[in-house]
Amino acid sequence: MMTSDPHRSGCPINLSLEVFGDKWSLLIIRDIIFGGKRHFRELLRSEEGIASNILADRLKKLSEDGMLTKADDPSHKQKAIYSLTDQAIALVPILAHLGSWGRRYLAVSAELSIRAELLEQGGPPMWEKFMAELRHEHLGEDLVAPAGPTVRETLQAGYLAVVARKAKDAAAA
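Within every chain, residues take consecutive numbers counted from 1 along the sequence as written. Restriction of local features to residues with pLDDT of at least 70 applies here, the model being predicted, together with a cutoff of 80 or more for giving and counting side-chain atom pairs; totals for whole chains, interfaces and linings are based on all residues. Hydrogens and water molecules were not included; the side-chain quantities draw on all heavy atoms of the structure.

Below, the discussion takes up the overall build of the chain. What counts as a helix is a DSSP run of H or I of at least four residues, what counts as a strand is a run of E of at least two, and both are numbered from the N terminus. Across its full length, the chain carries eight helices and two strands. In sequence order, the secondary structure elements of the chain are arranged as α-α-α-α-β-β-α-α-α-α. Every residue pair with non-hydrogen atoms within 4.5 Å of one another is taken to be in contact. Considering only intrachain contacts with a sequence separation of at least 6, the fraction spanning at least 24 residues in the chain is 52%. Accessible surface for the chain amounts to roughly 10,800 Å². Of this, 58% is attributable to carbon and sulfur atoms. Think of it this way: Lys and Arg go in the positive column, Asp and Glu in the negative one, and His and the chain ends go nowhere. Where a charge lies is defined by one atom per residue type: Lys uses NZ, Arg uses CZ, Asp uses CG and Glu uses CD. Distance between charge centres in the chain, computed from 22 positive and 23 negative side chains, equals 5 Å. Computed with a 1.4 Å probe, the accessible areas rest on the Shrake-Rupley method; for each residue, only the protein chains presented here act as cover.

See below:
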């Protein structure tokens, strides 16, 4: 007997993978979360080199799946702004764990793994702070003014420090 359910099964891991288990969806969400990218052209410049037709398809699917919203950009009539939904923001701990796992078991680069290292060191308190900042940025929720830099600023400063250190080491060699 055929069912009308389009899902392979009701398993939560299966259903999650149906949303973001392809090669690009989590990378798009990563670029929005960690890179602050909100426009199509910004997302197109992913380090992994996503094709424009694939990006358009994944943005549409992520929107249909409730991970992103799309709104007209008031500063430019032909641009759209993509925003994370609370469902996507809730992926921060999962992305932190994926980054930690990757650092532990894969051949990562120092500059691209520093954010994962900092998130691992910061643990759940840092993740919660980051999710609150993202909810403010993407959903307009109130944010208690944080003391010091934002989580994204902290992660970016770590990245820039590693890049500077590598450049200094290369110049000295």
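From this point on, the discussion continues.
The length a helix should cover is 1.5 Å for every residue beyond the first. For helix H7 (residues 110-139), spanning 30 residues, the distance from its first C-alpha to its last is only 32 Å, which falls clearly below the expected 44 Å at 1.5 Å a residue. Bend angle per residue: angle between axes fitted to the 7 residues ending at that residue and the 7 residues starting there. The largest bend along H7 measures about 110° and falls at Gly123, with the proline Pro124 one to four residues further on. Backbone geometry just after H7 places Gly140 at a positive phi near 75°.

Topologically, Ile81 is positioned in strand S2 (residues 80-84). Through-space distance from the C-alpha of Ile81 to that of His39 is 5.3 Å; in sequence the pair is 42 residues apart. Non-local contacts of Ile81, meaning those with residues more than four positions away in its chain, are made with Arg38, His39, Thr69, Lys70, Ala71, Asp73 and Pro74.

Okay, the pattern of salt bridges next. Only one rule defines a salt bridge in this text: a Lys or Arg side-chain nitrogen within 4 Å of an Asp or Glu carboxyl oxygen. Scanning all chains against the criterion turns up 13 salt bridges. For Arg104, the salt bridge goes to Glu120, with nearest N and O atoms at 3.2 Å. Here the residue Arg104 occupies a position in helix H6 (residues 92-105), and Glu120 occupies one in helix H7, the gap between them amounting to 16 residues. Accessibility here uses a 1.4 Å probe with only protein chains present; expressed as a share of the type maximum, an area under 20% marks a residue as buried, one over 50% as exposed, and anything in between as partly exposed. A relative accessible area of 32% means that Glu120 is categorised as partly exposed. A network of salt bridges, in which partner residues are shared, links Arg103, Arg104, Glu117 and Glu120.

With that settled, consider the packing of helix H2 (residues 25-35) against H7. Axis geometry follows a simple rule: fit a line to the C-alpha atoms, using only the stretch in contact for helices, then measure angles between N-to-C directions, giving values from 0 to 180 degrees. For the pair H2 and H7, interaxial distance at closest approach is 11 Å and the crossing angle is 90°. Overall, the two elements H2 and H7 adopt an arrangement that is roughly perpendicular. On the side of H2, the interface is formed by Ile32, Ile33 and Phe34, while H7 contributes Leu119, Phe130, Leu134 and His138. Here is the rule for angles: anything less than 35 degrees is roughly parallel, anything more than 145 is roughly antiparallel, 65 through 115 is roughly perpendicular, and the remaining ranges are oblique.

Think of a nonpolar core as a cluster: buried Ala, Val, Leu, Ile, Met, Phe, Trp, Tyr and Cys residues, connected wherever their side-chain atoms sit within 4.5 Å. Of all hydrophobic cores here, the largest spans 34 residues; its most connected members are Ile28, Ile33, Met67, Leu84, Phe130 and Leu155. Those elements that provide at least two residues to this core are helix H1 (12-20), H2, helix H4 (52-64), S2, helix H5 (86-89), H6, H7 and helix H8 (151-172). Sorting elements by how many residues they give to this core places H7 first, with eight residues. Excluding residues that lie within four positions of it along the chain, Leu155 makes contacts with Phe34, Arg115, Leu118, Leu119, Met126 and Phe130.

What follows covers the confidence of the model for the chain. On average, residues of the chain carry a pLDDT of 90, and 95% of them reach 70 or more. The score called pLDDT rates the predictor's confidence residue by residue, from a low of 0 to a high of 100. By mean pLDDT, the top-scoring element of the chain is H5 (97), and the lowest-scoring one is H1 (81).

Aromatic pairs are defined between Phe, Tyr and Trp rings, using the six-membered ring for Trp, whenever the two ring centres lie within 6.5 Å; interplanar angles under 30 degrees are classed as stacked, those over 60 as edge-to-face, and all others as tilted. Counting across every chain of the model gives two aromatic pairs. Judged by centre distance (5.6 Å) and plane angle (45°), the ring pair of Phe34 and Phe130 falls under tilted. Of this pair, Phe34 sits in helix H2 while Phe130 is found in helix H7, placing the two residues 96 residues apart along the sequence. For Phe34, a relative accessible area of 15% corresponds to the buried category. Of the residues examined, Phe130 reaches a relative accessible area of 1% and is grouped as buried. Seen in terms of ring centroids, Trp101 and Tyr105 are 5.6 Å apart; in terms of plane orientation they differ by 45°. Their pairing is tilted. Pair noted here: Trp101 and Tyr105 are both in helix H6, with a separation of four residues, about one helical turn. Judged by relative accessible area, Trp101 falls into the partly exposed class, the value being 47%.

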